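Coordinate analysis (summary)
Each chain, written out:
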Amino acid sequence: MAEVLDGYVESDLPDLTHVSLADLPAVLVPQASTVLDRAIEHPAQDQQVQQN
Amino acid sequence: MPSHMVEPRPALSGHRVSWELIAQVFAGPVDASAMGALWDGQYSRRLLLLKILRESLSGPAEAGNRRTLDEAWHILVEAEKHAPDVVRQILLYPSVGTWLVRAIRRIRGIVHDDVPIWVDMGYLSSIAVAAAVRAGIDVRTTAPVWHGRLNLPTVGQFEVAEDDSTRVVRLWAKDSTVFLESGDEIWNSVAVRSIPVRVHHSTAGGHTMRWTLDDTDPYRKFDSVSPPERLGSADLESWRRKLDRAWEILVEDHGDYVAEMLAADPVIVPMTQGGGFVASSSSASFGAICVAKPETPAAMAETVLHEIQHSKLNALLDLVPLQRPGPDRLCYAPWRRDPRPLGGLLHGIYAFAGVTEYWYRRWCSQPRPGDRTAAFHFVHHQNQVREALRALGPADELTEVGTRLLEVASARLDACDASQVSTDIRELAAALSVESRLAWRMQHLEPAADKVAQLAVHWCAGESFPDRAVQSTLRPFHRSDAGSALAGLLVARALDPDGQAIASEARSGEREFVDRGGAEAMPAFADRVREDPDDDGGWIGLLLSMTVHGGDEPPPPEVVSATYRRIATIGGTPPDPVTLVEWFSHR
């Protein structure tokens, strides 16, 4: 669950933007399961479909 | 320690998302800096999923796929040392996101189909070779060929076989050229069989948009792996013209969206499927738009703007949740015939608030009252979002951020003044909203049988309508679609008031309603339900005819029709349907 701080929300999603691929395997990501569940658990909800 | 095991490092903190970014996204158009923050979130998501995919292949049965992934990983690491921006760009390519989610789902048994799993797992090699080619590094490896094609995301495809075969090829990327091994150490360039990714540039008002037209990547569509469907030259030219004109519209009338459109770097996936499909976006593929070619440039512009709103909200949702943990209830979404989970409804509210503004501006920028298309779409979408907000009501499941989304969406709608839109268009749009709600209720809500029986007893006893609402239960698709042509006729009349509203499948009462109004159509609808009490389209038309222009809220159609059938069963003689509706309406 994201945490609301002063003017910011601290996300569950770890900031990996400065992590190289070489270092990525060693990075600990305790929140990984939360992010993973959101990404893969509900295939039917991936898409937003416009219909006539 | 095995080679793939590594010394763990301290956990990283999460992205810090400013309220300013959230406010900007909710308000509509965002600047390049905000888009940069959303892209950063997407990059973290891709890296995390890549790490999870690699760690998921740990069992002995997965040793082969694990070796393939490890080899590809090492190539990516090398490529990143030479050209980090190129690797980031490839990993952020939309189809790579779709592939990544699919690959993890396959390992976990969430997705099953007949594509060999080694093809899915081997695709990281294709990604790595694409990175090697673009970074200019020299690698020899293997990669999967599916449907006779080797696909290198952002680079293009190579026709490796003339048939649709699926196999592994050994290849050599050297000096940004790809060679395939055709015998022991015999390497042939495949450049002559190259099918490059198509990019088209549209320029308007000094802004040049880069569109990628992806008609070949196997993971370009969101829900299946797809063989290439290369556009022919005439079709390609038609797409290019529509995109050019759409870009002109966006730049001329929606200049504040230009920065986000450019930063979205859209990938257009041309679709041919019918069944009412217009367009789609996916949480796995930021920036991609699957789209059936719209009829007009204005519709193309609307579609692009609409789908990029979904992409932005998807990216924000990866950073901050709108809902608290818990079950996702199903809701009425006026733009859909099926019940939608709350998360989907929030998406629609956000995207259609943007679409309402799109048509509002278009209407404001056109000579009035000439552009009925813009006026109708503006009012219709404004009604839809307002109705969605009203039907949703208080939503305790929402976070502070989610609640803010609804507040801002409501304010955005209020800022679009519909009072100058012609009365007939507003009435037709209002009728369309009521028809949509009645049809949805009829198909998905079921009243409690004992409550319906009590109502029937009251009616048979000659008593007045008991002033108690009957709660209906959501049972999706418990009845068939009513098959009414009313919605199509209402839209046709709104867009062309002097033309003949065409609907070959129109049934009795429907054309009368659109041409001459509810009072004229009511007898025909009443006859339909007398003849067939299960004629849901007849009930919808009857309720619409009796209430819409009076401004009354129609009684719930599923309760009225069920009570009618119940009375006919217990009383022997069916009631007069018009009198029954009046009874429900306390008249």
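A brief look at the structure comes next.

With respect to the overall build of chain B
Scanning chain B from N- to C-terminus turns up 20 helices and 17 strands. Each of the three principal axes of chain B carries a C-alpha extent, and together these read 90 × 55 × 50 Å. Counting over 587 residues, chain B shows a buried share of 47%. Within chain B, contacts between residues separated by at least 24 positions form 67% of all contacts whose residues are at least 6 apart in sequence.

Things to note about the overall build of chain A
Counting its regular elements, chain A contains 1 helix and 3 strands. Taken from the N to the C terminus, the helices and strands of chain A come in the order β-β-α-β. At 15 Å, chain A has a C-alpha radius of gyration far larger than the 10 Å of a compact globule built from 52 residues. Referenced to the eigenvectors of the C-alpha coordinate spread, the extents of chain A come out at roughly 45 × 35 × 20 Å. Per-residue burial for chain A yields a buried fraction of 29% across its 52 residues.

What about the sheet that holds strand 4 (residues 156-159) of chain B?
All names here are of chain B. Sheet architecture is open: 3 strands sit in the order 3-4-8, paired in antiparallel fashion. Sheet topology places strand 3 (149-152) and strand 8 (194-196) at the edges, where each strand pairs with a single neighbour. Across the sheet, the axes of successive neighbouring strands diverge by a mean angle of 20°, strand direction being ignored. Pairing between strand 4 and strand 8: 3 bridges, direction antiparallel.

A few points about helix 19 (residues 557-571) of chain B
Residues and elements named next belong to chain B. Taking 1.5 Å per residue as the helical rise, helix 19 with its 15 residues ought to reach 21 Å, and the 21 Å between its terminal C-alpha atoms agrees with that figure. Among the residues of helix 19, Pro-557, Glu-558, Val-559, Val-560, Ser-561, Ala-562, Thr-563, Tyr-564, Arg-566 and Ile-567 are the ones counted as buried. Looking one or two places after helix 19, you find Gly-572, whose phi comes out positive at around 85°.

Side note on the interface of chain B and chain A
Every contact between the two is made by 57 residues of chain B and, on the other side, 40 residues of chain A. Elements with a minimum of two residues in the side of chain B that touches chain A: strand 1 (14-18), helix 2 (32-56), helix 3 (63-82), helix 5 (94-107), strand 12 (277-282), helix 9 (297-317), helix 10 (342-365) and helix 12 (400-414) of chain B. With 10 residues, helix 2 of chain B is the largest single contributor of residues to the side of chain B that touches chain A. Considering only residue class, the side of chain B that touches chain A consists of 29 nonpolar, 16 polar and 12 charged. The pairing of strand 3 (residues 47-51) of chain A with strand 12 of chain B spans 5 bridges and is antiparallel.

Focus: the sheet that holds strand 2 (residues 139-145) of chain B
Sheet strands line up and pair through hydrogen bonds in the backbone, either parallel or antiparallel. Residue and element names in this part refer to chain B. One open sheet holds the 4 strands; their spatial order is 2-5-6-7, and the pairing between them is antiparallel. Each having just a single partner strand, strand 2 and strand 7 (186-189) make up the two edges of the open sheet. With strand direction ignored, the average angle separating the axes of adjacent strands in the sheet is 40°. Direction of pairing for strand 5 (residues 167-174) relative to strand 6 (residues 177-183): antiparallel, over a ladder of 4 bridges. Looking at the pairing, Leu-171 lines up with Leu-180 of strand 6. Helix-sheet contacts for helix 6 (residues 117-135) involve strand 2, strand 5 and strand 6, and the interaxial angle to strand 2 is about 140°.

Details of the pairing of strand 9 (residues 198-204) of chain B
Residue and element names in this part refer to chain B. Two elements, strand 9 and strand 10 (residues 207-213), share 7 bridges in a ladder whose sense is antiparallel. Across the sheet, residue Ser-202 finds its bridge partner in strand 10, namely Met-209. Counting the residues that bridge the hairpin from strand 9 to strand 10 gives 2 residues, and of these Gly-205 lies at a positive phi of roughly 55°.

Let's talk about the nonpolar core
Residue and element names in this part refer to chain B. By size, the foremost hydrophobic cluster in this structure holds 174 residues, and its most contacted members are Ala-128, Val-129, Ala-131, Ala-132 and Ile-349. With 13 residues, helix 10 is the single largest residue contributor to this core. Residues in contact with Ala-131, not counting those within four places in the same chain, are Ile-75, Leu-76, Ala-79, Val-86, Val-87 and Ile-90.

A look at helix 10 of chain B
Over its 24 residues, helix 10 of chain B extends 34 Å from the first C-alpha to the last, a length consistent with the 34 Å expected when each residue adds 1.5 Å. With respect to burial, helix 10 of chain B is a largely interior element, 21 of its 24 residues being buried.

A short note on the packing of helix 10 of chain B against helix 11 (residues 372-392) of chain B
Residue and element names in this part refer to chain B. Contact geometry for helix 10 and helix 11: axes closest at 8 Å, N-to-C directions at 155°. Here helix 10 lies roughly antiparallel to helix 11, going by the angle between them. Where helix 10 crosses over helix 11, the handedness of that crossing is left-handed. Contacts between helix 10 and helix 11 involve Leu-345, Gly-348, Ile-349, Phe-352, Ala-353, Val-355, Thr-356, Trp-359, Tyr-360, Arg-362 and Trp-363 from the former and Ala-374, Ala-375, His-377, Phe-378, His-381, Gln-382, Gln-384, Val-385, Ala-388, Leu-389 and Leu-392 from the latter. Per-class residue counts for the contact of helix 10 with helix 11 are 15 nonpolar, 6 polar and 1 charged.

Topic: the environment of B:Leu428
Residue and element names in this part refer to chain B. Structurally, Leu-428 can be placed in helix 13 (residues 423-444). In this structure Leu-428 comes out as buried when scored by C-beta crowding, with 24 C-beta atoms within 10 Å. Considered as a pair, Leu-428 and Ala-37 are 391 residues apart in the sequence and their alpha carbons are 42 Å apart. If sequence neighbours within four positions are ignored, Leu-428 has contacts with Leu-490, Arg-493 and Ala-494.

Thoughts on the packing of helix 3 of chain B against helix 6 of chain B
Residues and elements named next belong to chain B. Where helix 3 contacts helix 6, the axes come no closer than 9 Å and their chain directions differ by 20°. The orientation of helix 3 with respect to helix 6, classified from their angle, is roughly parallel. Considering how the two elements wind past one another, helix 3 and helix 6 form a crossing that is left-handed. Mapping the contact onto sequence places Asn-65, Thr-68, Leu-69, Glu-71, Ala-72, Ile-75, Leu-76, Ala-79 and His-82 in helix 3 and Trp-118, Met-121, Gly-122, Leu-124, Ser-125, Ile-127, Ala-128, Ala-131, Ala-132 and Ala-135 in helix 6. Per-class residue counts for the contact of helix 3 with helix 6 are 13 nonpolar, 5 polar and 1 charged.

The rules behind each value
- Residues numbered from 1 in each chain as written.
- Chains lettered and ligands numbered in written order.
- Predicted model: local features only at pLDDT ≥ 70, side-chain atom pairs only at ≥ 80, totals over all residues.
- Helix = DSSP H or I, 4+ residues; strand = E, 2+ residues; numbered from the N terminus.
- Buried ≥ 20, exposed ≤ 12 C-beta atoms within 10 Å, placed from the backbone.
- Contact = placed C-beta atoms within 7 Å.
- Rg over C-alpha atoms; globule rule 2.2 N^0.38 Å.
- Pairing = 2+ DSSP bridges.
- Axes fitted to C-alpha atoms, helices over the stretch in contact; angles between N-to-C directions.
- Expected span 1.5 Å × (residues − 1).
- Nonpolar A, V, L, I, M, F, W, Y, C, P; charged D, E, K, R; others polar.
- Core = buried A, V, L, I, M, F, W, Y, C linked by C-beta atoms within 7 Å.
- Parallel < 35°, antiparallel > 145°, perpendicular 65-115°, else oblique.
- Left-handed = near helix turned anticlockwise from the far one by under 90°.

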